[in-house]
Amino acid sequence: MKTYIMALDAGTTSNRCILFDHEGTICSIAQKEFTQYFPKPGWVEQDADEIWSTLLGVAVEAMSKIGATAENIAAIGITNQRETAIVWDRKTGMPVCKAIVWQCRRTAGYCDELSAMETPSYMRGTSSDSDGTESLPSLVDVIRGKTGLVLDAYFSATKIRWILEHVEGAREKAEAGELLFGTVETWIIWKLTKGRIHVTDYSNASRTMLFNIHTLQWDEDILRLLDIPRCMLPRVADSSGIYGMTDASYFGGEIPIAGAAGDQQAALFGQACFGRGEVKNTYGTGGFLLMNTGNTPVKSKSGLVTTIAWSIKGRVTYALEGSIFVSGAAIQWLRDEMRLIDSAPDTEWIAERVPDSNGCYVVPAFTGLGAPYWDPYARGCIVGLTRGVNKYHIVRATLESLAYQTNDVLRAMEKDAGIRLAGLKVDGGASANNFLMQYQADVIGQNVCRPQCIETTAMGAAYLAGLAVGYWEGTEDIHANAKIGRVFTPQMPAEEIARRLKGWDKAVRYSFGWAKEE
């Protein structure tokens, strides 16, 4: 009997189900977009019930396309948009409000307030300054020391607090133990098991800004600071391991749910970046670079975050991460708002019609800037416009901005980890753009390797689940499945790249602080 691993990929704008065989080949795929809500400037929401119903729908569709039954599915792995916060009623299963998406900036002001606060006495320690004197660490430093994350609205913690403060009756119910919190994979597992399992994995827990990545526990000090009841939070488990069984009513039989990881960590695993210093970039809605740093967390001094990549059999692997808020979304902007292209693939042809951007730079800071700048008040801009700039130049400049942002993060990674980049593995939708990948190789001065299958996020979730049930024996099997589709090598002179990067640095500075009130 032919068996498959089911990967449920709960993305930011769409949900997918992919069935993989033992060779890592895609045997069936189904995808469906779901609704995004923008109730106020900078706010982004989703309907958690629509996330669930859409994901269940594509799972059933993918199985039906090849006539698969529950008996044909060896295990389910889940990967998800991270940091998005969902709070629901433990008894009814109803969300108390719409999910607050990772892109949402509604709590930026509160994060500013926290940044300005004096560190509470229960969180204080001392640190030595360069002159040997003792000083109290800032609250920002304390939170970063515990979680590896910068204090930013991007992460789940302040979103949870916002829900408790602004949804009528939510705080009272939460304190009474009636509400549950979860990132998207927790919500999906809870729904698949009809409320029997409330769990998250280490990689997703590490993105909440509530999880201590050193003690591997929910941090009581931060929970106290934000006034978030501990009883809301899920159990934290390995990224590869059997969490429970799906309810038989969904697929005609029980299927083990055996793996979960945040989408970017799953992509790192799917790219077989198992060695220290290996780096991948996923060009999705945002751009996300992760470097495997082994079993030791590396503290960043360059605007990156320290995160948990995955945990297998109790062994935690850490990573450095740089998050670019807008990557593929910039191409959507060209299509949907600017109407400069009809479809995303058009950008490759258009960009190649001109030799350069004619001095034009696009900084797509539509929702602020992530690593290494972390400016929530930055906004998008187009600079260097002259009478000779046309739509071809603007389209090209938009693609080039993705390569420039990636380079910014890679240089920060090299500095923090003390490791010289030896190449970049790429995946995600925009990695199919040959112009962008070639320009990326030129900008970083290193080879860019694109796999045959760019669905590495889903593949990583499948591998984590398959390892847990013995579908794959170990990482050697995963390495054997890895197939390179194309390698892009640097071609542009280093002097020319240096000149263009100087212009990019100047353009980025013009985007800083645009939305901050004087």
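This text follows the structure it describes.
Residues numbered from 1 in each chain as written. Predicted model: local features only at pLDDT ≥ 70, side-chain atom pairs only at ≥ 80, totals over all residues. Heavy atoms only, no water.

1. Some remarks on the overall build of the protein
- When its secondary structure is counted, the protein shows 17 helices and 25 strands.
- Here the C-alpha atoms of the protein give a radius of gyration of 22 Å, agreeing with the 24 Å that 2.2 N^0.38 yields for 518 residues.
- Taken along the three principal axes of its C-alpha coordinates, the protein extends 60 × 60 × 45 Å.
- Sorting the 518 residues of the protein into buried and exposed places 62% on the buried side.
- Within the protein, contacts between residues at least 6 apart in sequence are counted, and of these 71% link residues at least 24 apart. (Helix = DSSP H or I, 4+ residues; strand = E, 2+ residues; numbered from the N terminus. Rg over C-alpha atoms; globule rule 2.2 N^0.38 Å. Buried < 20%, exposed > 50% of the residue type's maximum accessible area, 1.4 Å probe, protein only. Contact = heavy atoms within 4.5 Å.)

2. Some words on the packing of aromatic side chains
- Across all of its chains, the model carries 25 aromatic pairs by this definition.
- Pairing W102 with F288 gives two aromatic rings, centres 5.8 Å apart and planes at 70°, and the pair type is edge-to-face. Placement of W102 in the loop between strand 7 (99-100) and helix 2 (108-116) and of F288 in strand 18 (residues 287-294) is noted, with a sequence separation of 186 residues between them.
- Relative accessible area serves as the criterion here: at 4%, W102 is assigned to the buried category.
- Residue classification places F288 among the buried residues on the basis of a relative accessible area of 6%.
- Where Y154 meets F325, the ring centres are 5.3 Å apart and the plane angle is 65°; that geometry is what we call edge-to-face. On the criterion of sequence distance, the pair formed by Y154 in the loop between helix 3 (139-147) and helix 4 (156-166) and F325 in the loop between strand 20 (315-324) and helix 11 (328-336) is long-range, its members being 171 residues apart. (Phe/Tyr/Trp six-rings, centres within 6.5 Å; stacked < 30°, edge-to-face > 60°.)

3. Details of the packing of helix 13 (residues 391-417) against helix 17 (residues 494-511)
- Close contact between helix 13 and helix 17 brings their axes to 11 Å; oriented N to C, the two are set at 90°. With respect to helix 17, the axis of helix 13 lies roughly perpendicular. Listed contacts from helix 17 to R396, E400, S401, Y404, Q405, N407 and D408 of helix 13 are R500, L501, W504 and D505.
- Tallied by class, residues from the contact of helix 13 with helix 17 come to 3 nonpolar, 3 polar and 5 charged. (Axes fitted to C-alpha atoms, helices over the stretch in contact; angles between N-to-C directions. Parallel < 35°, antiparallel > 145°, perpendicular 65-115°, else oblique. Nonpolar A, V, L, I, M, F, W, Y, C, P; charged D, E, K, R; others polar.)

4. As for the packing of helix 1 (residues 48-65) against helix 6 (residues 184-192)
- Relative to each other, helix 1 and helix 6 sit at 65°, their axes nearing to 10 Å. As for the relative orientation of helix 1 and helix 6, their crossing is right-handed in sense. Contacts between helix 1 and helix 6 involve A48, D49, I51, W52 and L55 on the former and, on the latter, V184, W187, I188, K191 and L192.
- Residue composition of the contact of helix 1 with helix 6, grouped by class: 8 nonpolar, no polar and 2 charged. (Left-handed = near helix turned anticlockwise from the far one by under 90°.)

5. Regarding unusual backbone geometry
- Here the bond from A371 into P372 is cis, since omega is -5°, no more than 30 degrees from zero.
- Examined against the element boundaries, P372 turns out to sit in the loop between strand 21 (361-363) and strand 22 (381-383).
- With a phi angle near 70°, M209 is a residue other than glycine that sits in the positive phi range.
- By the element assignment, M209 lies in the loop between helix 7 (202-205) and strand 12 (211-212).

6. A look at the side chain of E455
- When you line up the elements, E455 lands in the loop between strand 24 (448-451) and helix 15 (456-468).
- A distance of 2.4 Å separates a polar atom in the side chain of E455 from a polar atom in the side chain of R16.
- Leaving out residues up to four positions away in the same chain, E455 has contacts with R16, I18, F20 and I26. (Polar contact = N/O pair within 3.5 Å; in protein donor to acceptor, adjacent residues only side chain to side chain.)

7. Considerations on the environment of E254
- Structurally, E254 is set in the loop between helix 9 (248-251) and strand 16 (256-262).
- Sequence separation between E254 and W190 is 64 residues; the distance between their C-alpha atoms is 14 Å.
- In this structure E254 touches A70, M245, T246 and A248, once residues within four positions along its chain are discounted.

8. Let's talk about the nonpolar core
- Ranked by internal contacts, the top residues of the largest apolar core, which has 115 residues, are L210 and L226.
- Here L210 is in contact with T147, A157, I160, Q217, W218, D219, I222, L223, L226, I228 and L233, once residues within four sequence places are set aside.
- M6, L8, W190 and A237 belong to the second largest nonpolar core, which has 40 residues in total. (Core = buried A, V, L, I, M, F, W, Y, C linked by side-chain atoms within 4.5 Å.)

9. A closer look at the state of the cysteines
- Taken as a whole and judged by the stated rule, the model has 0 disulfides.
- Cysteine C17 remains unbridged, with the sulfur of C27 as its closest cysteine sulfur at 12 Å.
- Of the cysteine sulfurs around C27, a residue in no disulfide, the closest is that of C453, at 11 Å.
- Taking relative accessible area as the criterion, C27 reaches 28% and is therefore assigned partly exposed. (Disulfide = S-S within 2.5 Å.)

10. Observations concerning helix 6
- Where burial is concerned, most of helix 6 is hidden: 9 out of the 9 residues are buried.
- Residues of helix 6 that are buried include every one of V184, E185, T186, W187, I188, I189, W190, K191 and L192, and no others.
- K194 sits one or two positions beyond helix 6 and adopts a positive phi of about 50°.

11. Remarks on the pattern of salt bridges
- For the structure shown, the criterion picks out 27 salt bridges.
- When the shortest N-O distance is used, the salt bridge between D9 and R16 registers 2.9 Å. Side by side, D9 and R16 carry an identical accessibility label, which is buried. (Salt bridge = Lys/Arg side-chain N within 4 Å of Asp/Glu carboxyl O.)

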